[in-house]
Amino acid sequence: MFTRPAAAIVPMCVLAFTAPAVLADGPFYGAPPDATHPWAVHDMNRPQPPLVKPGTFSTQDHPGRPPSDAIILFDGTPASLAKWESDKHPSQPTKWVVKNSTLQCVPGSGYIRSKEEFGDCQLHIEWAAPSKVEGTSQGRGNSGVFLMGLTEIQVLDNYNNPTYPDGTAGALYGVNPPHANALRAPGQWQIYDIIFRRPIFKDGKLLDSGSYTVMLNGVVIQDATPLEGGGGHQARSHDRPMPDKGPLKLQDHGNPVRYRNIWYRQLPARAVDGGDMGAMPPEAATAKKHQIATTLREDAAKLQGLAKLRRQMESLCYAPDAATLAESQAGVTAWIATVKQTPAGDMEAKKAEIMQMREAVNYMTHFKFFPDEFTAKSQIDTIIEGNGWKK
Ligand code: MG
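Residues numbered from 1 in each chain as written. Predicted model: local features only at pLDDT ≥ 70, side-chain atom pairs only at ≥ 80, totals over all residues.

Draft legend 1. Up close: the overall build of the protein chain. Along its length, the protein chain carries 6 helices and 15 strands. Along the first, second and third principal axes, the C-alpha atoms of the protein chain reach 90 × 45 × 40 Å. Out of the 391 residues belonging to the protein chain, those deemed buried represent 36%. Pairs at least 24 residues apart make up 60% of the contacts formed inside the protein chain by residues separated by at least 6 positions. (Helix = DSSP H or I, 4+ residues; strand = E, 2+ residues; numbered from the N terminus. Buried ≥ 20, exposed ≤ 12 C-beta atoms within 10 Å, placed from the backbone. Contact = placed C-beta atoms within 7 Å.)

Draft legend 2. Structural view of the nonpolar core. Of all hydrophobic cores here, the largest spans 47 residues; its most connected members are Val145 and Tyr192. Looking at which element gives the most residues to this core, the answer is strand β6 (residues 121-128), with 5 residues. Excluding its chain neighbours within four sequence positions, the residues that come into contact with tyrosine 192 are Ile125, Val145, Ile153, Val214 and Leu216. Counting 26 residues, the second-largest nonpolar core is a separate cluster that includes Ala40, Leu296, Ala300 and Met313. (Core = buried A, V, L, I, M, F, W, Y, C linked by C-beta atoms within 7 Å.)

Draft legend 3. Region of the structure containing the sheet that holds strand β7 (residues 143-147). Taken together, the 5 strands give an open sheet; going across it, the order is β2-β5-β14-β7-β8, and neighbouring strands pair in antiparallel fashion. Of all the strands in the sheet, just β2 (84-86) and β8 (151-155) have a single pairing partner and so form its edges. Here the average twist between neighbouring strands, direction ignored, is 30°. Note: β7 against strand β14 (residues 246-250), 2 bridges, orientation antiparallel. Across the sheet, residue valine 145 finds its bridge partner in β14, namely leucine 250. (Pairing = 2+ DSSP bridges. Axes fitted to C-alpha atoms, helices over the stretch in contact; angles between N-to-C directions.)

Draft legend 4. Highlighting the pairing of β8. The element β8 is largely enclosed, with a buried count of 5 among its 5 residues. Burial along β8 is two-sided: Thr151, Ile153 and Val155 and Glu152 and Gln154, pointing in opposite directions, are all buried. Of the strand pairs in this sheet, β7 and β8 are connected by 5 bridges, and their pairing is antiparallel. Across the sheet, glycine 144 pairs through a bridge with glutamine 154, a residue of β8. Once β7 ends, the chain turns through 3 residues before running back antiparallel as β8, passing methionine 148 with a positive phi of about 55°.

Draft legend 5. Local environment of helix α3 (residues 305-318). Most of α3 is tucked away: 10 of the 14 residues are buried. By the burial criterion, the buried members of α3 are Leu309, Arg310, Arg311, Gln312, Met313, Glu314, Ser315, Leu316, Cys317 and Tyr318. On its buried side, α3 packs onto α2 (282-301), α4 (322-340) and α5 (351-366).

Draft legend 6. Structural detail: the pairing of β7. Buried residues dominate β7, accounting for 5 of its 5 residues. Neither face of β7 is exposed, since Ser143, Val145 and Leu147 on one face and Gly144 and Phe146 on the opposite face are all buried.

Written out as structure tokens, the structure is:
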């Protein structure tokens, strides 16, 4: 398992850093990067989340508007039918029809699939079983949402219609029943919000089974349920590799189920899949830290004075470098010398700069990025005490 250096578990009370009035660039606030985390806690060098304009919620009468970065697979227009094709004969258009701005299964016409292929995603899809109730058990309002064409989240009208639980609406079919039956009556729109993660294998070894998180009409019915191979009919499935992406398939199970408002958003890669969410494999974290350090050193080369010095110090929090360490220590030493020569009457004007330097040097010393024998911290503290700035 991954090991964490002691610095990562220093309680916040020991850090004894206070929030600056204006957050400066850099890591000088929370616990520093460690073996598996390439960023410090509260690191301002971490990229800001991309902006997404949220959509609106659906009502029974009107589908909601997707968020701004959604990829639309069906928006109610006949034109969006062109984004789908027959599953059995992929080069042929689907025989499903667009009726009253909904995509309707024509029984006997076969599954359909999106021309778009995708893997890990947030999928939004709304469906309605026929309002005329016909059939029982698996024969009533049956369809299905197949992520990557391989693993089914069941679509079924089991409103007052018992059937095997791992085949009810929102089941990971054949693997796990939904946590609740939150269906509306047949004919009404049911809303699935699905978070799908495909399985991850590396060198034949399972790293992540993959999972489904599903909400039905706003109720969580699958909570990171492991795929265990994705399920199936009658046979028990087992963890297995899957492709990186595949088409979304909708099932023709002989019932005229309707769909509307189908869109997805790609999800960022998990750490085991080359992403940088949370704890990363140590080799990947090290590579990322070096990348950050390199960028900061390139940035430092374009800067002057205190800003340059800070960038150099920042870079050392991500990856050591003897030349940068020597240059930044020499820079701090030279800066202290100029401060010491500053006339007493001009010191107040330098207070902000001195406090900012103290923040960085304290951090560098506390977390051992500067060696113990480097005495800049105590020299800066002496200057601060001498000016009566210490609380
Ligand atoms: Mg089905």
